[in-house]
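# Understanding the architecture of this molecule
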Amino acid sequence: LIELLIVVIILAIISAIAIPQFSAATADAQNSALDANLASVRNAIEQYRAQHTGFIYPGVNASSGGTCPAGATQGTGEAGSFQAFRDQMQFASNARGQTCSVAGGEFRFGPYLRQGVPNEPINNVATITVTNTGVPIVPTAAIGGWAYDIRSGQFVMNSNAVGPDGRAFSAH
């Protein structure tokens, strides 16, 4: 009976040490995924800006127009909208920012994110709040998803949640 009691105490000590390590590993993995997603999308935004007339950020120009090849679909987003940003990241585009589902002809740029904008990994939310202010984005709620400003090109996690390390997730 004493041996069994000692084994139970040893298992309790081991679990008290191991369980917090697993939860910290989960938070570290989420932080790493967040950093990777932010870097990927920010690089795509900068590449788009470098290739388009007037060094504009995605979402500025209307994405419909131009002549798509037969059987291709034109982008439908209006300037300043989430749909324009999404189209310009996922579809091929011309120098004016107009988009087409098939690359070729005047649509020689992109796509920049073939799988689309990834979900934000902390809250697993895919929404993007698009603004046109040029003012730095300061998330005010823990709603999750992404926030993007088409005037400044700033792309951040749209949350003021704090991780286990005490650092705001959106500050990455």
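Structure: above.
Definitions and limits used
- Residues numbered from 1 in each chain as written.
- Predicted model: local features only at pLDDT ≥ 70, side-chain atom pairs only at ≥ 80, totals over all residues.
- Heavy atoms only, no water.
- Buried < 20%, exposed > 50% of the residue type's maximum accessible area, 1.4 Å probe, protein only.
- Helix = DSSP H or I, 4+ residues; strand = E, 2+ residues; numbered from the N terminus.
- Pairing = 2+ DSSP bridges.
- Patch = residues over 30% accessible without salt bridge, like charges linked within 9 Å, V, L, I, M, F, W, Y side chains within 5 Å.
- Areas by Shrake-Rupley, 256 points an atom, 1.4 Å probe, with all protein chains shown as cover.
- Salt bridge = Lys/Arg side-chain N within 4 Å of Asp/Glu carboxyl O.
- Disulfide = S-S within 2.5 Å.

## As for the pairing of strand β4 (residues 146-149)
Burial along β4 is two-sided: the face carrying W146 and Y148 and the face carrying A147 and D149 are both buried. Two strands pair when backbone bridges link them, and strand β3 (residues 128-131) and β4 are joined in this way by four bridges, in the parallel orientation. Of the residues in β4, the one forming a bridge with V130 is Y148. Pairing of β4 with strand β5 (residues 155-157), which is carried by three bridges, proceeds in the antiparallel orientation. Bridging across to β5, Y148 finds its partner in F155. In sequence, β4 turns back onto β5 through a hairpin of five residues, with G153 there showing a positive phi of about 80°.

## So, a nonpolar patch on the surface
Side chains of I2, I6, V7, I10, L11 and I14 sit close together on the surface and give an oily, nonpolar patch of about 580 Å² of accessible area. Relative to the helices and strands, L11 resides in helix α1 (residues 2-51). Judged by its relative accessible area of 53%, L11 is exposed.

## Details of the state of the cysteines
According to the stated counting rule, one finds one disulfide in the structure shown. Disulfide pairing is shown between C68 and C100; the S-S distance is 2.2 Å. Of this pair, C68 sits in the loop between α1 and α2 (82-90) while C100 sits in strand β2 (residues 99-100), and the two are 32 residues apart along the sequence. Using a relative accessible area of 16% as the deciding quantity, one classes C68 as buried.

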